[in-house]
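Chain residues, written in single-letter form:
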Amino acid sequence: MSDIRQWQKEKPSYYRVAILMPLFLSDIVFDQLKDHYKKLYVKGWNSISNIKEWIGYYIKPNIVIRKSQEIIIEYLKRDEFFFEAILIIVKTIYENEKKEFRLLIDDFFDLIPMNTRSEIYEKYKDHEWDDKYEIIIEQNLLPNDINKILYIPEIVFIVRVYLPCILILGKKPERLFKEAKRGKLISLCNLLRMDKGIIYDSDIAGIIHKCSLDINSSEFKKIRNAFSSTVTSKQYNKAAMIFRIGAFIEIISEKYGTPLRRKEIEDLFNDLAEFGTGRRVHVDIQSGEALAKGIQRARKNLL
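First, a word on scope: everything that follows refers to the structure included in this document. (Residues numbered from 1 in each chain as written. Predicted model: local features only at pLDDT ≥ 70, side-chain atom pairs only at ≥ 80, totals over all residues. Heavy atoms only, no water.)

1. What to know about the overall build of the protein chain
Counting its regular elements, the protein chain contains 16 helices and zero strands. At a minimum sequence separation of 6, the contacts of the protein chain that also span at least 24 residues come to 72%. Surface accessibility of the protein chain: about 16,300 Å² in total, with carbon and sulfur atoms responsible for 53%. (Helix = DSSP H or I, 4+ residues; strand = E, 2+ residues; numbered from the N terminus. Contact = heavy atoms within 4.5 Å. Areas by Shrake-Rupley, 256 points an atom, 1.4 Å probe, with all protein chains shown as cover.)

Right under this line is the structure:
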């Protein structure tokens, strides 16, 4: 078994952060998603646009992506430390791959006007990695005025739909939506558990109506069960999320030019479990072989 503390000493600080941040988050993300929608309602993450615009976020995801880019740009202009640290981590990845920082700015903020992208490039082009940024994996450093974005419909969509789709279902919402419209029942039911609003799409409404003509059919029973449950119901387990986070860690390590073998990723998960709970083996990983196969499956939807 590896030792995270020893492993950290042998790696550059920016590499440690890029790998360890998702590793550490793996132990809390699933717990945070329990009763996700109930918590969101209590906290006020409930502002949505009219239903036509809401459905439009599935059809044209760039609407949501553009809004998130605009918000990140706003925070970067105000020197928000959390977003600056993330930007410099990714900048370091690009530079390690012998790519220009300007390419990163143009790729990551592709829906932002060129003059605004140029401003951000000029502001951060000479920034280098500094160990001070490591604090973002040790403390919950998020923007102090995060509550200001609670009422932006596009951000509500990201929190209520986009992130759970990626973290729990392993697919982007627009892909699930297209599959649901084509009649793929598992995708339709998964989205129903997450967002009952999809019934206002004419194609999906037609599929549900057709299935409802026989209320005793297995198809309608699945739809009925999906409508009365949430995406964080018991059928979704933590192991599936571990696989996706493991795949993400593997991809990041490859981009740094220092690929982690799946046995090394398994060791890091197990060491995290021992470090946090005293268990020698991560309780959500059945075996190294299961983790390796899970990572392989997860990569297909992440790349």
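2. Let's talk about helix H8 (residues 114–124)
Those residues of H8 that sit buried are Thr116, Arg117, Ile120 and Tyr124. Burial along H8 is one-sided: seen end-on, the buried residues are contained in an arc of 100°. (Buried < 20%, exposed > 50% of the residue type's maximum accessible area, 1.4 Å probe, protein only. Arc of directions from axis to C-beta.)

3. Here we look at the packing of aromatic side chains
In the structure shown here, the tally under the stated rule is nine aromatic pairs. Pairing Trp54 with Phe157 gives two aromatic rings, centres 5.2 Å apart and planes at 75°, and the pair type is edge-to-face. With Trp54 in helix H4 (residues 51–59) and Phe157 in helix H9 (residues 153–169), this residue pair connects regions lying 103 residues apart in the sequence. In terms of burial, Trp54 and Phe157 fall into one category: buried. With 5.0 Å between their ring centres and 90° between their planes, Phe108 and Phe109 make a pair best called edge-to-face. Overall, Phe108 belongs to the partly exposed group, its relative accessible area being 45%. Ring pairing ties together the aromatic residues Trp54, Tyr57, Tyr58, Phe157 and Phe177, which thus form one cluster. The ring of Phe101 is capped by Lys91, whose NZ or CZ atom sits 5.2 Å from the centre of that ring. We note Lys196 situated over the ring of Phe227; from NZ or CZ to the ring centre the distance is 5.5 Å. (Phe/Tyr/Trp six-rings, centres within 6.5 Å; stacked < 30°, edge-to-face > 60°. Lys NZ or Arg CZ within 6 Å of the ring centre and 35° of its normal.)

4. Regarding unusual backbone geometry
In this structure, Asp79 is a non-glycine residue whose phi angle is positive, near 60°. With a relative accessible area of 48%, Asp79 lands in the partly exposed category.

Don't take any of this as a statement about function, it's just geometry.
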